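Read off the chains here:
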Amino acid sequence: MCGIVGILGKEPVAFDVVEALKRLEYRGYDSAGVATIEGGEIRRTRAEGKLKNLDGKLREAPHQGRVGIGHTRWATHGRPTENNAHPHATDRLAVVHNGIIENFRELREELTAKGAVFVSQTDTEVVAHLVTDLMKSGLAPREAVAAALPRLHGAFALGFIFGGEDNLLIGARRGAPLAVGYGEGEMYLGSDALALAPFTDRIAYLEEGDWVVLTRDGAQYFDETNTPVTRKPQKSQAGAYLVDKGNHRHFMLKEIYEQPEVVGRTLAHYVDMSAGKVQLPFDAPVDWTKLTRLSITACGTAFLAGQIGKYWFERLAKLPVEIDIASEFRYRDAPLDDGQLMIVVSQSGETADTLATLRYAKSCGNKILSVVNVPTSTIARESDAVALTLAGPEIGVASTKAFTCQLTVLASLAIAAGRARGVLSAEREAELINALIATPGLIADALKLEEPIAALSHSLAKASDVLYLGRGTSYPLAMEGALKLKEISYIHAEGYAAGELKHGPIALIDETLPVIVLAPRDHWFEKTVSNVQEVAARGGEIVLVGPQGASEACAVATLADVTMPEVPPDFSAIVYAVPVQLIAYHTAVVMGKDVDQPRNLAKSVTVE
Ligand code: M6R
């Protein structure tokens, strides 16, 4: 959830560390810090808030050290103050940490009893004192780290530098990702390859339990039994992606606009367009015909993509689907049958709860198919098969293009399953493929609605609550709309199944409550029209998102109509995601919120 960087350079490294941290700010941004070794001593600069504050402090008093570590934080233990910001240090070493040290209280007591003085509220500080304690007992830095690691419980990644050591950087991985970059006489450590892309494209990944000793000459890897192991660098594609906003005001808007391209690219990966059929680019890890049940798990937006996928697998492949959010699934002791399939959906491929559920399902004998955006991620690497979403790096904390790419992949998988299970004829498959092929163009058409949506957002920005309604696949999309709005505008919002309205939420409706109704012309259209009339009868302020003629069909006064292009019914959610995203985006912009880095959130949630 935090971002880690380490650099062993030829010149002073502090500004390069900050440059790399900027690419990790998506992992957390409540405080940041850098430590270097200067004249043999540890020197630290830390700042509350975003990286620009740290950058400003470093410009006033630049570091000269040629070895350094840096950190951008998403607070787990202790408030986001400068004092709790990383790196944490003793007179011997400085450490940066991503994750949670679960047994930090016991270690803190033990080390306090030995005389260690703790100055922060973080779990990380125990790591600094534990390794220092071992060094004071006579161990060299690498021996001390090797001895300390087995004493730390939890999921984490660490980076260390040591006083008096100008050519040493140590990293360790237990459940949180860590990559090593190879330069010319320079070496790097980072939470992902994207962070290191400005410096090198030769990247090796630590395996679970590994730790690594870096000098300017290279890297020595060890596994968790301290046995030397080889981790070969590979050429990373991370640098191929432009990580800037282009001519857009925010990454989120840029990513919304990238959707015609990335959905098209993802589709081309799964569909033989000329033959009108799905062509999976990997061997399915199970025989679709033998499955009696499919499990899906994920968190947040990825979970809502999975919810939409459930409708498709059930309708198109007649495959019963059980779906649950990963933080519940992992602790639910759900019985899972040997040989069945679990689909795991994750943009980052690093979400802790999703990963834990994957491991649980594996332990029950399930095969794992992951739908991920980062091919080198832990979830991808621990899966039996990987279905990539080719969305490219998603920087905005609010997931947009990854969501529509997840939907594209899930739709393709559902069609593949339906064909294999004999539910879909070749003609029906071709019809569905044609509907999918139309989506990039329809997304482009939906993007043309930005202006009226921006105008409507001025009214939404005044609301304190917003209700989203939908039926069928528009129900999870309604929840996605509410999640997007909450995340970036901080307006309370709920997504409800329109048919459930009368069982409770209808009591909320009055003239102060905007009700956004997602009404594509699909199997549920007529029913949704009735629900619109129920809302209108109670004075609700309706925003109707539907095709030409939807407003006439409803025959009620609305606050606004968002008139969508005519969309084939089966995969309408992929196109209707666009107005949902634009509504949240523009409402947050009108309110002056930090759209790309909303408060309290992080892009990649690698703690539970
Ligand atoms: O990387 P993942 O897809 O596993 O992340 C899951 C959620 O944390 C993520 O979708 C989150 O809900 C987004 N901020 C939503 O916009």
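Residues numbered from 1 in each chain as written. Predicted model: local features only at pLDDT ≥ 70, side-chain atom pairs only at ≥ 80, totals over all residues. Heavy atoms only, no water.

**Let's talk about the domain arrangement of the chain**
Argument step 1. Looking at the assigned domains, one finds that the chain contains domain 1 (3–243), domain 2 (254–439) and domain 3 (448–590).
Argument step 2. A separation of 34 Å is found between the C-alpha centroids of domain 1 and domain 2.
Argument step 3. Counting residues at the interface gives 11 residues for domain 1, matched by 10 residues for domain 2.
Argument step 4. Both sides of the domain 1 and domain 2 interface together cover about 950 Å² of buried area, and 59% of this is carbon and sulfur. (Domains from an automatic or database assignment. Contact = heavy atoms within 4.5 Å. Buried area = accessible area lost by both parts, 1.4 Å probe.)

**A closer look at the site of the ligand**
Argument step 1. Around the ligand, the structure places 14 residues, and the nearest of them are Ser346, Gln347, Ser348, Thr351 and Glu487.
Argument step 2. One nitrogen or oxygen atom from the main chain of glutamine 347 is found 2.6 Å from an oxygen atom belonging to the ligand.
Argument step 3. Within the contact set of the ligand, a nitrogen atom lies 2.6 Å away from a side-chain nitrogen or oxygen of glutamate 487.
Argument step 4. Burial of the ligand by the surrounding chains reaches 91%, relative to a free accessible area of 410 Å².
Argument step 5. Secondary-structure elements contributing two or more residues to the shell around the ligand are α9 (300–317) and α16 (474–489).
Argument step 6. No other element matches α9, which puts three residues into the shell around the ligand.
Argument step 7. Across the shell around the ligand, the residue classes tally to five nonpolar, seven polar and two charged. (Near = heavy atom within 4 Å. Polar contact = N/O pair within 3.5 Å; in protein donor to acceptor, adjacent residues only side chain to side chain. Areas by Shrake-Rupley, 256 points an atom, 1.4 Å probe, with all protein chains shown as cover. Helix = DSSP H or I, 4+ residues; strand = E, 2+ residues; numbered from the N terminus. Nonpolar A, V, L, I, M, F, W, Y, C, P; charged D, E, K, R; others polar.)

**Looking at the nonpolar core**
Argument step 1. Within the largest apolar cluster, 109 residues are counted, with the highest numbers of intra-cluster contacts made by Trp312, Phe313, Ile343 and Phe571.
Argument step 2. Ranked by the residues each element gives to this core, the list is headed by helix α19 (residues 572–590), at 13 residues.
Argument step 3. Split by domain, the residues of this core number at least three in each of domain 2 (254–439) and domain 3 (448–590).
Argument step 4. Not counting residues within four places of it along the chain, the set of residues in contact with tryptophan 312 comprises Ala317, Leu407, Leu410, Ala411, Ala414, Thr473, Asp570, Phe571 and Ile574.
Argument step 5. Judged by nonpolar contacts, the second largest core, of 31 residues, contains Leu107, Ala116, Val131 and Leu134. (Core = buried A, V, L, I, M, F, W, Y, C linked by side-chain atoms within 4.5 Å. Buried < 20%, exposed > 50% of the residue type's maximum accessible area, 1.4 Å probe, protein only.)

**Section: the packing of aromatic side chains**
Argument step 1. Tallying each qualifying case throughout the model produces six aromatic pairs.
Argument step 2. Aromatic side chains phenylalanine 160 and phenylalanine 162 sit 6.1 Å apart centroid to centroid with 15° between the ring planes, which places their arrangement in the stacked category. The same class applies to phenylalanine 160 as to phenylalanine 162, namely buried.
Argument step 3. Geometrically, the ring pair formed by tyrosine 311 and tryptophan 524 is edge-to-face, given 6.2 Å between the ring centres and 90° between the ring planes. Here tyrosine 311 is found in helix α9, whereas its partner tryptophan 524 is found in the loop between β25 (514–518) and α17 (525–537), with 213 residues between them in sequence.
Argument step 4. Tyrosine 311 gets classed as partly exposed once you look at its relative accessible area, which sits at 25%.
Argument step 5. It is arginine 521 that lies over the ring of phenylalanine 525; its NZ or CZ is 5.3 Å from the centre.
Argument step 6. Its end group placed over the ring of tyrosine 490, arginine 599 keeps NZ or CZ at 3.9 Å from the ring centre. (Phe/Tyr/Trp six-rings, centres within 6.5 Å; stacked < 30°, edge-to-face > 60°. Lys NZ or Arg CZ within 6 Å of the ring centre and 35° of its normal.)

**Looking at the state of the cysteines**
Covalent bonding between the sulfur atoms of two cysteines defines a disulfide.
Argument step 1. All chains considered together, the criterion is met by zero disulfides.
Argument step 2. Looking at the unpaired cysteine 299, the closest cysteine sulfur is the one in cysteine 2, lying at 17 Å.
Argument step 3. The exposure class of cysteine 299 is partly exposed, given its relative accessible area of 24%.
Argument step 4. Free cysteine: cysteine 364, not disulfide-bonded; nearest cysteine sulfur from cysteine 299 at 18 Å. (Disulfide = S-S within 2.5 Å.)

**Focus on the sheet that holds strand β27 (residues 560–564)**
Argument step 1. Overall, parallel pairing links the five strands, which are arranged β24-β23-β25-β26-β27 in an open sheet. Either end of the sheet is taken by a strand with one partner, and the two such strands are β24 (492–497) and β27. Across the sheet, the mean angle from the axis of one strand to that of its neighbour is 15°, orientation sign disregarded.
Argument step 2. Sheet topology note: the strand β26 (residues 541–547)/β27 ladder contains five bridges and is parallel. The residue bridging proline 547 from the neighbouring strand is methionine 564, located in β27.
Argument step 3. Its contacts with the sheet place α16 against β23 (465–470), β24 and β25, and it is angled at close to 175° to β24.
Argument step 4. Strands β23, β25 and β26 of the sheet are contacted by α17, whose axis makes an angle of about 165° with β26. (Pairing = 2+ DSSP bridges. Axes fitted to C-alpha atoms, helices over the stretch in contact; angles between N-to-C directions.)

**Some remarks on the packing of helix α13 (residues 401–420) against helix α14 (residues 426–447)**
Argument step 1. Contact pair α13 / α14: the axes reach a minimum separation of 11 Å and the direction vectors enclose 175°. Taken together, the axes of α13 and α14 are roughly antiparallel relative to one another. Side by side, α13 and α14 meet where Ala411, Ser412, Ile415 and Arg419 of the first sit next to Ala426, Glu429, Leu432, Ile433 and Leu436 of the second. (Parallel < 35°, antiparallel > 145°, perpendicular 65-115°, else oblique.)

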